[in-house]
Amino acid sequence: MSDPMRIRASVVGDKVEVKVLMAHPMESGLRKNADGSIIPAHFIDRVVASCKGKTVLAADWGPAVSKNPYLSFRFSGAAKGDMVSVTWTDNKGDTRTDEAAIA
Amino acid sequence: MWKSELAAAILLTLAVGSVHAKDYGIGRPATPGEIAAWDTDVRPDGLGLPKGKGSAAEGEPLYEAQCASCHGSFGESNDYMAIAGGVGTLKSDAPLRTVGSKLDYATTLWDYIQRAMPFTAPKSLTADQTYAITAYVLHLSNIVPLDAVLDQNTLPQVKMPNREGFTLKHGLGSVKGKPDVQNTACMKDCEKTVKVRSELPADFTASMYGDLSQDFRSIATMSKVSTTPTKPAAAVAASPAKLSAQYACSACHGIANKVVGPGMREIAAKYKGHADAEAKLLAKLAAGGAGAWGSVPMPPQAHVPEADRKTLIQWILAGAPD
C-alpha cells in the first residue's frame, strides 16, 4: 500500500479549488537501472475525483506524468464542509482513495 | 592531535580576553541597542526566540500566499526548493534535503524564515506569522499536527527526525575527522629544469585598464603615473661615432691621431681621391690586415654586421665628422 495523498480543498470565489499531491514512483518503463536492465513501468493511469457522489474530475494518465504528481483543479457545486475524495489506479492494479473536507 | 584542539581553544580564549584587556584608543563600547541589532540568531535551545505564537492552521493561508509559489502547495516543489519529503534519502544517490529529512533543530527553521523569507521581501513577516508558517512547514513534513500551536517555549521542544543524523567525524567537524580529499603529493617524474613556456607581454597588466593617468579620479594614487605601455624605441640609425665605440674601433683608432692603429682622419687623408677606397677598406675590415700602417695587425671584424661596417667605412672616408 502506498503513502496517503495530501489533499487540500478550499472555497475560492464561487468554486472549490482542490490541490492533490500523490505519492507514486511513476516509472515510465523507459529508464534503466545500474545494471542496464529496464525498470518496469509503474504509473497511475486513472484519476477520479468525486464530491457528494458525483464525479467532478476523471483523467486518463500515462507514463509522461512526473514522480509524486501534483494535481490542482476547480469545480463548482459544493460548499464548505463537503468531502472531496480522490482515487487513483495504477497500471499494476494498485489503487488508493483519500478524502478531505472543503475548507 | 588533541593538543592542537586544546591549543586552538586557548588561543581563542586569549583572543577574546584581549579585546577587554587592551585599549587601542579607538572606538567606543557598543551600546546595548547596537548589540541587540546584531544579536539576531536563534539557538537550538530557543535562546533568541521572541515572544509570539502561531498555529499550523493559521500558517496555511500565509504559506499559500507567500511561500507556495516557489516551494509548492505541499512543499514538494523541485530538488532545490522542496521543503517536505525526502526522508531517508540523505545517503542515497539523489539526496533530497528538506526540513523533514535534514534539519536537526526546528528553531533553525524559524530563524531562517524570519531572516531570509519570503525571498522577495525578507524580514517582512511578524514574529507571530513566522511561528505560524514554521508550524505549517513542520506540518507539511508530518512533524506536528495541523492544530499545533508553537511559541517561544514549545518550538525548541519539537523533535526533528534528523536530530541525531549529524556527524562531526569529518575534516570540517574535527581535526581528527576524515578529510574530503587525500592530499597525496606527487613526487615522481618531476621536471628537472624550469622552462617558461609562455608569458604575458611585459606591460600587459600595467595597461590592462588603459592609461590610469587619464583617469578623472584625482584622489587615485595612480593618477600621476602613466601606465601606457612603453613601446620599444624605434630603430634609430645609430650614429657612426657610437658604432665605433660599440664595436671597440675607438679602442685602437683615435679620431684624428694614431693610438694603436691609425686615426680615422689619417685614413681618410690617405685614401682621399681613391675611387675604390670604400670597397678596399670594407674587404680589410672583414678579413683583417697588417702592414699598411705598421706591424700591428688589424684583427678581422666579420662579426660586425655588414650594414654597420659600411656605415663606419663611409664615415671614416668622409673624415669622421662629429
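Refer to the structure above for everything that follows.
If you're wondering where the values come from, they're calculated on a predicted model, not measured in any experiment.

Rules behind the numbers
Residues numbered from 1 in each chain as written. Chains lettered and ligands numbered in written order. Predicted model: local features only at pLDDT ≥ 70, side-chain atom pairs only at ≥ 80, totals over all residues. Helix = DSSP H or I, 4+ residues; strand = E, 2+ residues; numbered from the N terminus. Contact = placed C-beta atoms within 7 Å. Core = buried A, V, L, I, M, F, W, Y, C linked by C-beta atoms within 7 Å. Buried ≥ 20, exposed ≤ 12 C-beta atoms within 10 Å, placed from the backbone. Nonpolar A, V, L, I, M, F, W, Y, C, P; charged D, E, K, R; others polar. Axes fitted to C-alpha atoms, helices over the stretch in contact; angles between N-to-C directions. Parallel < 35°, antiparallel > 145°, perpendicular 65-115°, else oblique. Left-handed = near helix turned anticlockwise from the far one by under 90°. Pairing = 2+ DSSP bridges.

**What about the overall build of chain A?**
And step 1. What chain A contains, in helices and strands, is 0 helices and 7 strands.
And step 2. Across chain A, helices and strands are ordered from the amino to the carboxyl terminus as β-β-β-β-β-β-β.
And step 3. Long-range contacts, defined here as pairs at least 24 residues apart, represent 52% of the contacts in chain A between residues at least 6 apart.

**Thoughts on the nonpolar core**
And step 1. Residues Val-20 of chain A together with Ile-133, Ala-135, Tyr-136 and Val-137 of chain B are the most contacted members of the largest nonpolar core, which totals 50 residues.
And step 2. For this core, the secondary structure elements donating two or more residues are β1 (6-12), β2 (15-21), β3 (44-51) and β6 (83-90) of chain A together with α3 (56-66), α5 (106-116) and α6 (127-140) of chain B.
And step 3. Counting residues per element, this core draws most heavily on α6 of chain B, at 8 residues.
And step 4. If sequence neighbours within four positions are ignored, Tyr-136 of chain B has contacts with Ala-56, Gly-59, Glu-60 and Tyr-63 of chain B.
And step 5. One finds Met-264, Leu-285, Ile-313 and Ala-320 of chain B within the second-largest nonpolar core, a separate group that totals 8 residues.

**Thoughts on the interface of chain B and chain A**
And step 1. Across the boundary between the two partners, chain B contributes 4 residues, which contact 6 residues of chain A.
And step 2. The residue makeup of the side of chain B that touches chain A, split by class, is 1 nonpolar, 2 polar and 1 charged.

**Looking at the packing of α5 of chain B against α6 of chain B**
All names here are of chain B.
And step 1. Where α5 contacts α6, the two axes come as close as 10 Å, and the packing angle between them is 125 degrees. What the angle tells us is that α5 and α6 run oblique. Between α5 and α6 lies a crossing whose hand is right-handed. Residues Ala-106, Leu-109, Trp-110, Ile-113 and Gln-114 of α5 pack against Thr-130, Ile-133, Thr-134, Val-137 and Leu-138 of α6.
And step 2. For the contact of α5 with α6, the class distribution of residues is 7 nonpolar, 3 polar and no charged.

**Considerations on the packing of α3 of chain B against α6 of chain B**
All names here are of chain B.
And step 1. One way to put it is that α3 packs onto α6 with a least axis distance of 7 Å and a crossing angle of 95 degrees. Relative to α6, the element α3 is oriented roughly perpendicular. Touching Ala-56, Glu-58, Gly-59, Glu-60, Leu-62 and Tyr-63 of α3 are Gln-129, Ala-132, Ile-133, Ala-135, Tyr-136 and His-139, all from α6.
And step 2. A breakdown of the residues in the contact of α3 with α6 according to their chemical character gives 7 nonpolar, 3 polar and 2 charged.

**What about the sheet that holds β3 of chain A?**
All names here are of chain A.
And step 1. With antiparallel pairing, the 4 strands of this open sheet are ordered in space as β4-β3-β6-β7. Edge positions in the open sheet fall to β4 (54-60) and β7 (95-101), since each of these has one partner strand only. Neighbour-to-neighbour, the strand axes of this sheet turn through a mean angle of 15 degrees, independent of strand direction.
And step 2. In this structure, β3 lies alongside β6, joined through 7 bridges in antiparallel fashion. Note that in β6 the partner of Ile-44 across the bridge is Asp-90.

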